[in-house]
Amino acid sequence: MASSAIHAAEPFSNPFQNNFVPVESVQELAIKKPNDIPQRYIRSEDEMPSSTPLPSVLRVPVVDMEKLLLPSENHERQKEIGILSKACVEWGFFQVVNHGIPHSLIDRMRGVVDEFFSLPMDGKKRYAKQGGDVQGYGNLFVVDEDQKLDWGDLMTLVVMSKKLMNLSLWPTTPSDFRNTVERYTAEVERVAQAILGLFGENLQLKSDYFKYKFGEDPLMTMRMNLYPPCPRPDLVFGLSPHSDGDAITLLLQDDQVEGLHVRKNNEWILIQPIPYAFVVNIGDLMEVMTNGRYKSIEHRAMTNKEKARLSIAMFYHPGLDEEVAPASNLVDEEHPSLYKKFRHQEYIRYYMATRLNGKKSLADFARVCE
Ligand code: OGA
Ligand code: NI
């Protein structure tokens with residue numbers, strides 16, 4: 001589609017361009033053959049030892065953004081900062097409440113995504129991925145023919161990046177799709193930047209350290225995930241176990257339907273939905289930049305028999321040309337550099353060309369063996 005015009009204008013190779021293998025829409029499959037799961041979706045027991053998480057007393061920490069934004073000497077703030085720091089070091093995941101994003105905007109954001117997935121298949125296929133671009137409607141991460149598939153459909157758009165945004169792929173139905181996504185993106189970036197400032201403070205870096213490292217043209221992608229009901233949720237993944245390839249992710253999970261599991265001490269723990277909260281997690285690039293003080297953690301999405309589940313993930317990255325490396329203040333004799341430095345877009349290329357497989361991408365690409 002129009003992306004070729006962008007490429008023609010600039011000698012630039014899009015790191016999000018890849019040879020993805022097109023696959024059938026799961027939404028369509030679930031309607032056509034509701035009781036039949038093709039073999040390609042079915043996982044072995046090795047891959048999926050337990051589909052339901054053990055009842056655990058562990059809960060992903062919850063932080064209150066309003067308290068975090070109080071003046072620095074405030075006692076409540078100091079307490080909350082401690083919770084945040086512990087969450088980053090021990091979990092790599094936390095939920096944020098009182099973030100200040102209007103609930104009406106969140107409702108409408110969910111509304112436009114829901115309306116998009118409710119379009120007839122022809123309407124959605126107008127936005128199907130083309131020419132191997134990550135952007136558009138259709139599955140990601142299917143990079144070879146014999147790979148197992150996930151029980152979910154995706155729509156991915158770059159919502160921030162001068163080089164990569166391609167408005168021709170943005171749905172025009174519903175008519176307020178673009179306006180809603182733009183407003184939502186600005187709000188999510190505000191919250192993400194506030195969190196990055198707090199990370200800087202907690203790590204004894206400058207509070208604008210990460211803002212600076214993200215550069216002048218940060219990248220944000222949005223992935224809308226739809227997981228249709230599945231007759232055998234014990235046999236399939238909605239989304240395979242993975243860590244995110246960005247710096248920080250803000251996920252709006254379904255308020256009504258649970259399904260997100262995070263790996264902690266070799267157990268899978270359910271992240272219970274809190275209405276209007278964001279699930280925030282550390283991505284691979286943040287693990288590198290913090291020299292492993294904060295870790296990207298494996299997570300997965302599961303399905304259920306009764307209800308479709310919808311989630312909206314916002315992946316926030318430094319600009320494509322930025323260099324990613326451990327912060328020099330976090331490297332010393334006791335903490336040698338654990339990762340090589342690289343140009344951000346090289347990691348995108350690598351991440352997109354490999355199957356989702358736990359933390360393998362980061363380990364293979366950037367981890368330095370001691
Ligand atoms: C993702 C992700 C979880 C979910 O999109 O990277 O982890 O609950 N999604 O959809
Ligand atoms: Ni993820």
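Going by the structure above, here's the rest.
Residues numbered from 1 in each chain as written. Chains lettered and ligands numbered in written order. Predicted model: local features only at pLDDT ≥ 70, side-chain atom pairs only at ≥ 80, totals over all residues. Heavy atoms only, no water.

Peer 1: I'd like to hear about the coordination of the nickel ion (ligand 2), residue by residue, with values.
Peer 2: Any two of four tetrahedral donors ideally make an angle of 109.5 degrees at the metal, while pairs among six octahedral donors ideally make 90 or 180 degrees. Protein coordination at the nickel ion (ligand 2) comes from H242 (NE2), D244 (OD) and H299 (NE2), with a distance range of 2.1 Å. For H299, a relative accessible area of 6% puts it in the buried group. (Donors = N, O, S within 2.8 Å, 3.2 Å for Na, K, Ca; no water. Buried < 20%, exposed > 50% of the residue type's maximum accessible area, 1.4 Å probe, protein only.)

Peer 1: So, the sheet that holds strand β8 (residues 260-264): which residues are in play, and what are the values?
Peer 2: Read across the sheet, four strands follow the order β6-β11-β8-β9 without closing on themselves; strand pairing throughout is antiparallel. One side of each edge strand has no neighbouring strand; the edge strands of this open sheet are β6 (239-242) and β9 (267-270). Strand-to-strand twist of the sheet, defined as the mean angle between neighbouring strand axes without regard to direction, takes the value 25°. Strand direction decides the pairing type here: β6 and strand β11 (residues 299-301), joined by two bridges, are antiparallel. Bridging across to β11, L239 finds its partner in A301. (Pairing = 2+ DSSP bridges. Helix = DSSP H or I, 4+ residues; strand = E, 2+ residues; numbered from the N terminus. Axes fitted to C-alpha atoms, helices over the stretch in contact; angles between N-to-C directions.)

Peer 1: How would you explain the pairing of strand β10 (residues 278-282) if you had to name every residue and give the values?
Peer 2: Among the five residues in β10, five count as buried, and that is most of the element. What you see with β10 is no split at all: F278, V280 and I282 on one side and V279 and N281 on the other are buried throughout. Taken together, the four bridges between strand β7 (residues 248-252) and β10 define a ladder with antiparallel strand orientation. In the strand pairing of β10, T249 is matched with N281.

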